[in-house]
Amino acid sequence: MNKESWGSRLGLVFAMAGNAVGLGNFLRFPVQAVQNGGGSFIIPYLVCFLLMGLPLLFIEWGLGRYGGQFGNHSTPFIFNSVSKKFIWKYVGIFGIFCNLTIAAYYCYIESWTLAYIFKSVSGAFAGKSSEEVAAHFGAYVTLSDSYMAVFFWLICLALNVYILSRGLSGGIEKVAKIGVPLLIIFGLILAFQGVTLKAGMKNAIYDGTVGLNFLWTPQFNSLWEPKVWLAAAGQVFFTLSVGMGSIQCYASFIKKKDDIVLNSLSAGWMNEFVEVVVGASIIIPISIGYLGIDKVVELTKSGGLGLGFKTLPYLFQNWGAVLAPIAGMLWFGLLFFAGITSSLAMGFPCMSFLQDEFNFTRNKAAMTFGAACLLLGAPVVFLGIYDILDEYDYWAGTVSLFVFSLLETILFVWVFGIDNAWATINQGADFKLPKFVKYILMYITPTLLIFVFVKNIPEIIDKIMHREIYHKIATTTDPATLEMLNNKLLFTNLSRLLLVAVFIGIGILVFVANKKRQKLSAI
Amino acid sequence: MNGSALFMMISSMSVITIITGYFMYKVVYTPPKPEPDSFEFNDDEKC
């Protein structure tokens, strides 16, 4: 019997917000805004947050709390409490699969932030050129120079396992109560530095406000482009950590008469605060202050990760021998706290499944999760040059999330019934939702999810068919590149097989657990 | 900064900050439910 519980309401909200706030708040959102209409991006972004993000939060909190009343804390059996049709508990596999697979590569990214805190403090970037700092990151993640990345990855995994073994209130909640306020404070300090940057000061070429001006100048004509709406919906979706199974698990420890409406609204809006107010004011103003608009636009084409790990550590060196290590520590520290509060939320559903269904002790469940992450993460770490991380991220961290969200919305709103769903969400609520939200839940949220998914089908087909790799193979004459591409094709296929095997493996565990339950109920 | 960028930034940030602050205020100052509730911190209080 799982005896976990939350220590306080504020702790629960911080843990949920910490689950949502991740590296994407600081690295993905500003880049998406730059690429999709600047200041006007906030309009589709907030519309999608209100029509898709918040309703999905209500659905997941509602599903979790409802399943928790029957002692179920993992999505297969939370879904089984909502509908007894056998298919739904197998749909719930996604809630364990996504968490486990995402945690496997996310812990590795998290370990980069931990390593970069130490590198920043020890002055590893002092006196290096921008090319050297960028090359350092490339060598670090592909293990070309040393196995230091493996060392930090193992430390990170051990840290996650230790905190998870301390339980919900003794581990996760304590980390969230320290980590979330700290990351906001670190972010506000860096945002202040970025925004008040003046041309000529600390070797800056432009004012920090030039970056803000570039980021926030609205291009209203972009609002008519479907790709901008698609990007906004995608950003809202990923930033809230919906469609993973972690929110349902956290919410399953809330009792019947406690409020979930206000809690979910608080956690959701806190994530928006961190993303729009803090996240948008760091990376772009500082980068443009030193590199100018054209260079930053060029750099954002390869995503925010490069800006965060290759560019900022170099730019901080302009702040002097004292401030540079502090800035590096604050930047990677906030990324670390954003990362660990999310990875813990991924571990707990996997643990809860093992504790509920196979009577694992908390320590044993935490160690099993750590071992699974180690095995699944090994290809990501040791075959980094073949982009296995991208493959995991695409199938487990992108496509699966959309599929799972759509199916859970159908289950909760249509199968369980909107009246039951509405009653579950509003049970014990201190803050009553207006009635029109009911219609958003029923029609608009599923339609938006279908729209986003359908628009992505051509890309999914291209991925399945390896069109990008085959195109490169067809246009390459260099034998070394050709060999590299053929190896990439092989390892990409193997990693997909591994993901399918993991999904089936979890399915078998759900089947066994269900049989155990049937035997027990027969007795 | 130009006027439209300043307007978009200040209005967006203000709206989000105010709403976040309002909900966090409600979370902190809403009286706890009588026992049994989901939270351990007031477990000694009996209803």
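Just above sits the structure.
Read on for an overview of the structure. (Residues numbered from 1 in each chain as written. Chains lettered and ligands numbered in written order. Predicted model: local features only at pLDDT ≥ 70, side-chain atom pairs only at ≥ 80, totals over all residues. Heavy atoms only, no water.)

This part takes up the environment of Val452(A). All names here are of chain A. Tracing the chain through its elements places Val452 in helix H22 (residues 436–464). The class of Val452 is buried, set by a relative accessible area of 1%. Sequence separation of Val452 and Lys227 is 225 residues, and the distance between their C-alpha atoms is 9.9 Å. Setting aside anything within four residues of it in sequence, one finds Val452 in contact with Leu230, Ala233 and Phe402. (Helix = DSSP H or I, 4+ residues; strand = E, 2+ residues; numbered from the N terminus. Buried < 20%, exposed > 50% of the residue type's maximum accessible area, 1.4 Å probe, protein only. Contact = heavy atoms within 4.5 Å.)

Residue and element names in this part refer to chain A. Look at helix H4 (residues 42–68) against H22: their axes get within 9 Å of each other, and the N-to-C directions meet at 115 degrees. Regarding the angle of H4 to H22, the classification is roughly perpendicular. Seen along the crossing, H4 lies across H22 with a hand that is left-handed. On H22, the residues touching Leu51, Met52, Pro55, Leu56, Phe58 and Ile59 of H4 are Val437, Ile440, Leu441, Ile444, Thr445, Leu448 and Leu449. Grouping the amino acids of the contact of H4 with H22 by side-chain chemistry returns 12 nonpolar, 1 polar and no charged. (Axes fitted to C-alpha atoms, helices over the stretch in contact; angles between N-to-C directions. Parallel < 35°, antiparallel > 145°, perpendicular 65-115°, else oblique. Left-handed = near helix turned anticlockwise from the far one by under 90°. Nonpolar A, V, L, I, M, F, W, Y, C, P; charged D, E, K, R; others polar.)

A few words now on the pattern of salt bridges. All names here are of chain A. Per the counting criterion, the structure on display carries 11 salt bridges over all chains. Here Asp387 and Lys488 are joined by a salt bridge, their closest N and O atoms 3.0 Å apart. With Asp387 in the loop between helix H19 (362–382) and helix H20 (388–415) and Lys488 in helix H24 (residues 479–522), this residue pair connects regions lying 101 residues apart in the sequence. Residue classification places Asp387 among the partly exposed residues on the basis of a relative accessible area of 31%. A salt bridge links Arg496 to Glu391, with the shortest nitrogen-to-oxygen separation between them at 2.5 Å. Note that Arg496 is positioned in helix H24 and Glu391 in helix H20, a separation of 105 residues in sequence. Judged on exposure class, the residue Arg496 and its partner Glu391 are both buried. Beyond isolated ion pairs, a larger network of salt bridges with shared partners links Arg9, Asp259 and Asp430. (Salt bridge = Lys/Arg side-chain N within 4 Å of Asp/Glu carboxyl O.)

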